[in-house]
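Structural description and commentary
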Amino acid sequence: KLEKIWLIIGVGTLVVFLTIIGVGAFAHGNEPPSDLTILDPQKVDETPPFNEPGLKKIGENEYELILIAQAFSFFPNDVKIPKGATVHIKVTSKDVVHGLQIVGTNVNMMVTPGHVNSLTYSFKEPGNYLILCNEYCGVGHQAMSTTIEVT
Ligand code: CUA
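Sequence positions are assigned chain by chain, starting from 1 and proceeding in written order. Thresholds applied to this predicted model are a pLDDT of at least 70 for local features of residues and 80 or more for the giving and counting of side-chain atom pairs; totals over whole chains, interfaces and linings are not thresholded and use all residues. To get the side-chain values, take all heavy atoms of the structure and skip hydrogens and water.

1. Thoughts on the overall build of the protein
Convention followed: Numbering of helices and strands runs from the N terminus; a helix is a DSSP stretch of H or I covering at least four residues, while a strand is a stretch of E covering at least two. The size measure is the radius of gyration over C-alpha atoms, and the globule rule it meets is 2.2 Å times the number of residues to the 0.38 power. Contacts were defined at the residue level, with two residues in contact if any of their heavy atoms lie within 4.5 Å. Here, Shrake-Rupley sampling with a 1.4 Å probe gives the accessible areas, and only protein chains in the shown set may cover a residue. Positive residues here are Lys and Arg, negative ones are Asp and Glu, while His and the chain termini are left out of the count. Just so you know, the charge point we use is NZ for Lys, CZ for Arg, CG for Asp and CD for Glu.
Looking only at helices and strands, one finds one helix and eleven strands in the protein. Listing every helix and strand of the protein by position from the N terminus yields α-β-β-β-β-β-β-β-β-β-β-β. The C-alpha radius of gyration of the protein comes to 20 Å, more than 25% above the 15 Å expected for a compact globule of 151 residues. Referenced to the eigenvectors of the C-alpha coordinate spread, the extents of the protein come out at roughly 70 × 35 × 30 Å. Within the protein, residue pairs in contact and separated by at least 24 positions form 59% of the contacts whose partners lie at least 6 positions apart. In the form shown here, the protein has an accessible surface area of approximately 9,000 Å², with 59% of it arising from carbon and sulfur atoms. Once the 10 positive and 15 negative side-chain charges of the protein are each reduced to a mean point, those two points are 6 Å apart.

Shown next as structure tokens:
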């Protein structure tokens, strides 16, 4: 009888620990793709909105920023964004898993092939912002970056 109680306590404790570890790993890792739209990584260039990458005005002080990650760069690489504008970032990968981190902001996305990840951000300060890949994606990973200009 007593053994059974200890067994239950043991298993219960294990479940609690595993849950804590699982939740912790999830909370501290990258956000999973927020939009699980499936698209063919081979056909990114012809799939809207990625057939027209770059900044697109969609409303009063509101823009859509379409980005494509590919080993080992981001496209396009000459983006200029008005300060304070609401920017809906949409990104996908043409090959492997990349990361998209904008230094100095809380923008940190996982970029997986076949998925569209999206996030809305507003740049309050003008300047040049560095976009880095923060998921190891191959030999050129360290060099995978670009800048966007906020004016
Ligand atoms: Cu792309 Cu690391």
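2. Describing the domain arrangement of the protein
Often, the extent of an interface is quoted as the loss of accessible area upon association of its parts. In plain terms, the rule: Annotation comment: domain bounds sourced from an automatic or database domain assignment.
Segmenting the protein into domains produces domain 1 (1-30) and domain 2 (35-150). Here domain 1 and domain 2 have C-alpha centroids that lie 38 Å from each other.

3. Topic: the pattern of salt bridges
Formally: The working definition used for a salt bridge is a side-chain nitrogen of Lys or Arg within 4 Å of a carboxyl oxygen of Asp or Glu. Burial classes: relative accessible area under 20% of the type maximum marks a residue as buried, over 50% as exposed, and values in between as partly exposed (1.4 Å probe, protein chains only).
For the structure on display, the rule yields three salt bridges. With its nearest N and O atoms 4.0 Å apart, the salt bridge here joins glutamate 64 to lysine 56. Owing to a relative accessible area of 14%, glutamate 64 belongs among the buried residues under this scheme. One salt bridge in this structure joins lysine 90 and glutamate 64, with 3.4 Å as the shortest N-O distance. Placement of the pair is lysine 90 in strand S6 (residues 86-93) and glutamate 64 in strand S3 (residues 62-70), with a sequence separation of 26 residues. In this structure lysine 90 comes out as partly exposed when scored by relative accessible area, which is 25%.

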